[in-house]
Amino acid sequence: MPRSRRVHAARRGGRGARSSAKAESQASDDEAASEVLSHYSSASESTSVAEEGTGSDAVDEQAQQEEVEDKLKECIDNVTDKSTRTRHVALESLRLAFSSKMLFDFLLERRLTLTDSLEKCLKKGKGEEQSLAASVLTLLCLQMGSGPEGEEVFRSLKPLLISILTDSSASPVARQSCATALGMCCYIAAADGEDLVSSLTCLAGIFGTSCPEEGSSVPTHHSPLLQTLHCNALQSWSLLLTICPSSQIKKILDNHLLKLPLLLSSDNVNLRIVVGETIALLFELAHELEEEFFYEDMDLLCTKLKALATDSNKYRAKTDRRKQRSIFRDVLHFIENGECHEETIKFGLECMYVDSWVRRRMYNAFKEVLGSGVRHHLQNNELLREIFDLGPPLVLDAAAIKASKISRFEKHLYNSAAFKARTKARSRVRDKRADVL
């Protein structure tokens, strides 16, 4: 008995040691990723403000930049590591780094190596790893731009993206990222019309499975993960519509403008919203082709849009109802009056007006891919500045940047005044003794 206990104890100890070692390894990976991102964040912050001082600051910044690049080189090497955890951490670090900073020069000589590594992750990885690899690929293409470098990246991995996207046995999460990657990479780097048409056809085949079957008006029901996939595919498809030639737009209007309104009855709020925005985009493109464009089922469409713009069903979540009503009010107003809600995007000392559904789809696509880094890229990425007609990046001296900045104390005073005014206004509304008009 004592011997058997010792054997079992040794086995438990062995498993404990292995699990402990595994936990330490995962912790070290997390620390490494955190270190890369913290270094990168500090470097990004230091370069976003022009140097106010001296040559020593420039030397420090250069040393810091070199340290960051060393960390990124290590992450690129780790993308092919044997450990799944290490690969995940490396891909996530690269995703965050690429979205927060322009790295064209750094990536130019490493793009082939990184493309090969991403291809291995897409082929041999599973679920989350494939999803991260597709996201990094999208950002790599965005960093390389629309020139031969970006075209080379897209052409080499386009067949693999389509293969995963159309494979019903593949992970839905991986297929979602591949749908986004195919749309964005094609938008940026498609070399000819064949790439555009094949990508459009592939994406339409994905979200088309949500359309009602023949003889039915009820959309086909799918799991939430597949509905998210259909949303991503439809968003990528609508992004590619913005660069389609007129002849292709006419075919798309004939094939899809009657089918898409049927998806407004979907039980997924995000799919309904994406469908509504896509319908508005199609109407905008149709009016560009023909000023007197006529849609036969206009009354039925407006009735559906009005119902969604005023939806108050209690079985829907409150945030979903609010978001849906806001979007469909804009869609309905555009369909009825031809006026698009204008949005102002501020970044640095500049601002950009999003005053059409085409620009709205383009901006939302880049915002979804870049996250909080979209403003940095709008300031410094020549590709985005060309797409949105912003001209070359501004070159500002330290005095101009310093003059545009608000001190922390001034921000505090402004926030305090705004909070006080907001509190007073809300108190008047909430006061039971207030007159109700």
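Only a predicted model underlies this, so the values are computations on that prediction, with no experimental measurement involved.

Parameters and conventions
Residues numbered from 1 in each chain as written. Predicted model: local features only at pLDDT ≥ 70, side-chain atom pairs only at ≥ 80, totals over all residues. Heavy atoms only, no water. Helix = DSSP H or I, 4+ residues; strand = E, 2+ residues; numbered from the N terminus. Buried < 20%, exposed > 50% of the residue type's maximum accessible area, 1.4 Å probe, protein only. Contact = heavy atoms within 4.5 Å. Areas by Shrake-Rupley, 256 points an atom, 1.4 Å probe, with all protein chains shown as cover. Core = buried A, V, L, I, M, F, W, Y, C linked by side-chain atoms within 4.5 Å. Expected span 1.5 Å × (residues − 1). Axes fitted to C-alpha atoms, helices over the stretch in contact; angles between N-to-C directions. Parallel < 35°, antiparallel > 145°, perpendicular 65-115°, else oblique. Left-handed = near helix turned anticlockwise from the far one by under 90°. Nonpolar A, V, L, I, M, F, W, Y, C, P; charged D, E, K, R; others polar. Bend = angle between axes of the 7 residues up to and from the residue. pLDDT = per-residue confidence, 0-100. Polar contact = N/O pair within 3.5 Å; in protein donor to acceptor, adjacent residues only side chain to side chain. Phe/Tyr/Trp six-rings, centres within 6.5 Å; stacked < 30°, edge-to-face > 60°. Lys NZ or Arg CZ within 6 Å of the ring centre and 35° of its normal. Pairing = 2+ DSSP bridges. Salt bridge = Lys/Arg side-chain N within 4 Å of Asp/Glu carboxyl O.

Looking only at helices and strands, the chain features 19 helices and two strands. Every one of the 437 residues in the chain was classed for burial, and the buried ones make up 43%. Counting only contacts in the chain whose residues sit at least 6 apart along the sequence, the fraction spanning at least 24 positions is 67%. Of the roughly 24,000 Å² of accessible surface on the chain, a fraction of 51% belongs to carbon and sulfur atoms.

This part takes up the nonpolar core. By size, the foremost hydrophobic cluster in this structure holds 114 residues, and its most contacted members are Trp-237, Leu-378 and Phe-388. In terms of residues, this core owes the most to one element, helix H12 (residues 269-289), which gives 12 residues. The residues contacting Leu-378, other than those within four sequence positions of it, are Ile-345, Phe-347, Met-352, Tyr-363, Leu-384, Arg-385, Phe-388 and Leu-390.

Bringing unusual backbone geometry into the picture now. In this model, Asp-389 sits at a positive phi of 55°, which is unusual for a non-glycine residue. Considering the arrangement of structural elements, one finds Asp-389 in the loop between helix H17 (382-387) and helix H18 (398-404).

For the rest of this paragraph, the subject is helix H15 (residues 357-370). Residues separated by three or four positions in an α-helix point in the same direction, a consequence of the helix having 3.6 residues per turn. The terminal C-alpha atoms of H15, which comprises 14 residues, lie 20 Å apart, in line with the 20 Å expected from a rise of 1.5 Å per residue. Among the 14 residues of H15, 12 are classified as buried, and the element is accordingly described as predominantly covered. All of the buried residues in H15 are Trp-357, Val-358, Arg-359, Arg-360, Arg-361, Met-362, Tyr-363, Asn-364, Ala-365, Phe-366, Val-369 and Leu-370. Gly-371 sits one or two positions beyond H15 and adopts a positive phi of about 65°.

All right, on to the packing of helix H7 (residues 148-165) against helix H9 (residues 193-207) then. Helix packing geometry: the angle between the two helix axes and the distance between the axes. Look at H7 against H9: their axes get within 11 Å of each other, and the N-to-C directions meet at 20°. Taken together, the axes of H7 and H9 lie roughly parallel to each other. Of the two elements, H7 crosses H9, and the hand of that crossing is left-handed. Contacts from Phe-154, Arg-155, Lys-158, Ile-162 and Leu-165 of H7 reach H9 at Glu-194, Asp-195, Ser-198, Ser-199, Cys-202, Leu-203 and Ile-206. Of the residues in the contact of H7 with H9, the class split is six nonpolar, two polar and four charged.

Spanning 18 residues, H7 covers 25 Å between terminal C-alpha atoms, matching the ideal 26 Å at 1.5 Å per step. The axis of H7 is deflected most strongly, by about 45°, at Leu-157, and proline Pro-159 appears within four residues downstream. If you check which residues of H7 are buried, you get Gly-150, Val-153, Phe-154, Leu-157, Lys-158, Leu-160, Leu-161, Ile-164 and Leu-165. Considering only its buried residues, H7 is in contact with helix H5 (111-124), helix H6 (127-144), helix H8 (172-189), H9 and helix H10 (224-241).

For the chain, per-residue confidence averages 82 on the pLDDT scale, and 79% of positions sit at 70 or higher. In this model residues 1-25 is a low-confidence stretch, pLDDT under 50, and it forms zero contacts with partners more than four residues away in sequence or in other chains. Ignoring residues within four places in sequence, the model shows residues 432-437, a span with pLDDT below 50, making one contact including any to other chains.

This part is about the environment of Ser-156. Its place among the elements puts Ser-156 in helix H7. Considered as a pair, Ser-156 and Asp-116 are 40 residues apart in the sequence and their alpha carbons are 9.1 Å apart. Here the side chain of Ser-156 touches Val-153 through a polar contact of 2.8 Å, landing on its backbone oxygen.

Take the packing of aromatic side chains next. The description of an aromatic ring pair rests on the distance of the ring centres and on the angle between the ring planes. For the structure on display, the rule yields six aromatic pairs. Pairing Tyr-187 with Phe-366 gives two aromatic rings, centres 6.1 Å apart and planes at 70°, and the pair type is edge-to-face. In this pair, Tyr-187 sits in helix H8 while Phe-366 sits in helix H15, placing the two residues 179 residues apart along the sequence. Judged on exposure class, the residue Tyr-187 and its partner Phe-366 are both buried. Between the aromatic rings of Phe-283 and Tyr-295, the centroid separation amounts to 5.4 Å while the plane-to-plane angle is 75°, which identifies the pairing as edge-to-face. Placement of the pair is Phe-283 in helix H12 and Tyr-295 in the loop between H12 and helix H13 (298-309), with a sequence separation of 12 residues. As far as burial versus exposure is concerned, Phe-283 and Tyr-295 are alike and both buried. Cation over ring: Arg-110 sits above Phe-106, and NZ or CZ is 4.2 Å from the ring centre.

Attention now moves to the pairing of strand S1 (residues 343-347). When S1 meets strand S2 (residues 350-354), the two strands line up antiparallel, connected through five bridges. Note on S2: the bridge partner recorded for Phe-347 is Glu-350.

Another point: the environment of Trp-237. Mapped onto the fold, Trp-237 is located in helix H10. On the basis of relative accessible area, Trp-237 is assigned to the buried category, the value being 1%. In sequence terms Trp-237 and Thr-278 are 41 residues apart; their C-alpha atoms lie 9.1 Å from each other. Among all residues touching Trp-237, those that are not within four sequence positions of it are Leu-200, Leu-203, Ala-204, Phe-207, Ile-252, His-256, Leu-260 and Thr-278.

What follows deals with the pattern of salt bridges. Counted by the stated rule, this structure contains 14 salt bridges. Put simply, Glu-152 and Arg-111 hold a salt bridge, and the shortest N to O gap is 3.2 Å. With Glu-152 in helix H7 and Arg-111 in helix H5, this residue pair connects regions lying 41 residues apart in the sequence. On the basis of relative accessible area, Glu-152 is assigned to the partly exposed category, the value being 36%. For Glu-336, the salt bridge identified is with Lys-306, shortest N-O distance 4.0 Å. On the criterion of sequence distance, the pair formed by Glu-336 in helix H14 (residues 318-337) and Lys-306 in helix H13 is long-range, its members being 30 residues apart. The partly exposed category is assigned to Glu-336, whose relative accessible area is 42%. Within the structure, one salt-bridge network assembled from shared partners comprises Arg-155, Lys-158, Asp-192 and Asp-195.

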